[in-house]
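Tertiary structure, described
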Amino acid sequence: MLIGLLFLVLGACELIPGVTADHRLFGVFAVSGAWTLVHLLTGAVAVFSSRSSALASRFLVAGGVLYVILGIAGLLPLPDAVDDFMPMNTAGVCLALGLGTAMVILGAGWLRYAPGRER
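Because the structure is predicted, anything quoted here is derived from the model rather than measured.

Examining the overall build of the protein chain
When helices and strands are counted, the protein chain shows 5 helices and 3 strands. Helices (α) and strands (β) of the protein chain occur, in sequence order from the N terminus, as α-β-β-β-α-α-α-α. For the protein chain, buried positions account for 31% of its 119 residues. A separation of at least 24 residues holds for 69% of the contacts in the protein chain among residues at least 6 apart in sequence. Carbon together with sulfur atoms contributes 72% to the accessible area of the protein chain, which is approximately 7300 Å² in total. One finds the centroid of the 6 positive side-chain charges in the protein chain at a distance of 23 Å from the centroid of its 6 negative side-chain charges.

In structure tokens, the structure reads:
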């Protein structure tokens with residue numbers, strides 16, 4: 001639930017004009033309308049997935065893998081059309097890779113040692 005709320009707050013911050021200036025969140029992370037939608041949808045799915053341990057762990061692994069893939073894609077030279085649609089700067093790449101890795105580690109650990117499961 002915490003990660004879902006984090007993404008929802010992040011998506012809401014991207015909609016506030018004072019927080020997002022010159023297409024940069026907090027003056028650091030490159031954002032666009034597509035990123036805002038991705039963050040809001042990720043947050044909504046995460047909050048929904050927190051209903052059970054199995055759903056939460058699957059969300060963390062799947063979402064983490066997607067964010068790692070987006071981080072790796074941000075390292076590649078992409079066409080201008082993709083960069084205009086979902087811009088990535090160095091701070092965004094680091095955030096995507098770090099957050100994705102943390103989500104995969106948390107989800108994989110949760111799958112292995114879920115509450116109520118024998119060790």
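Things to note about a nonpolar patch on the surface
Side chains of Ile72, Leu76, Leu78 and Val82 sit close together on the surface and give an oily, nonpolar patch of about 330 Å² of accessible area. Locating isoleucine 72 in the fold gives a position in helix 3 (residues 53-75).

Overview of unusual backbone geometry
Although it is not a glycine, histidine 23 sits at a positive phi angle of roughly 60°. Tracing the backbone shows histidine 23 in the loop between strand 1 (20-21) and strand 2 (24-25).

Brief notes about the sheet that holds strand 3 (residues 29-30)
Spatially, 3 strands are ordered 1-2-3 in an open sheet, and the strand pairing comes out antiparallel. The outermost strands of the open sheet, each flanked by one partner alone, are strand 1 and strand 3. Sheet analysis places strand 2 next to strand 3, joined by 2 bridges and oriented antiparallel. Paired with arginine 24 across the strands is alanine 30, a residue of strand 3.

A closer look at helix 1 (residues 2-15)
Taking 1.5 Å per residue, 14 residues should reach 20 Å; helix 1 reaches 20 Å between its end C-alpha atoms and fits that length. Every buried residue belonging to helix 1 is among Ile3, Gly4, Phe7, Gly11, Cys13 and Glu14, and all of these are buried.

Digging into the packing of helix 1 against helix 2 (residues 33-49)
Packing of helix 1 against helix 2 brings their axes to within 7 Å, and their N-to-C directions diverge by 155°. The angle between the axes of helix 1 and helix 2 places the two elements in the roughly antiparallel class. Here the hand of the crossing between helix 1 and helix 2 comes out left-handed. Listed contacts from helix 2 to Gly4, Leu5, Phe7, Leu8, Leu10, Gly11, Ala12, Glu14 and Leu15 of helix 1 are Trp35, Thr36, His39, Leu40, Thr42, Gly43, Ala44, Ala46 and Val47.

About the criteria used
Residues numbered from 1 in each chain as written. Predicted model: local features only at pLDDT ≥ 70, side-chain atom pairs only at ≥ 80, totals over all residues. Heavy atoms only, no water. Helix = DSSP H or I, 4+ residues; strand = E, 2+ residues; numbered from the N terminus. Buried < 20%, exposed > 50% of the residue type's maximum accessible area, 1.4 Å probe, protein only. Contact = heavy atoms within 4.5 Å. Areas by Shrake-Rupley, 256 points an atom, 1.4 Å probe, with all protein chains shown as cover. Lys, Arg positive; Asp, Glu negative; His and termini not counted. Charge placed at Lys NZ, Arg CZ, Asp CG, Glu CD. Patch = residues over 30% accessible without salt bridge, like charges linked within 9 Å, V, L, I, M, F, W, Y side chains within 5 Å. Salt bridge = Lys/Arg side-chain N within 4 Å of Asp/Glu carboxyl O. Pairing = 2+ DSSP bridges. Expected span 1.5 Å × (residues − 1). Axes fitted to C-alpha atoms, helices over the stretch in contact; angles between N-to-C directions. Parallel < 35°, antiparallel > 145°, perpendicular 65-115°, else oblique. Left-handed = near helix turned anticlockwise from the far one by under 90°.

Such coordinate-based values are descriptive only and should not be taken to indicate function.
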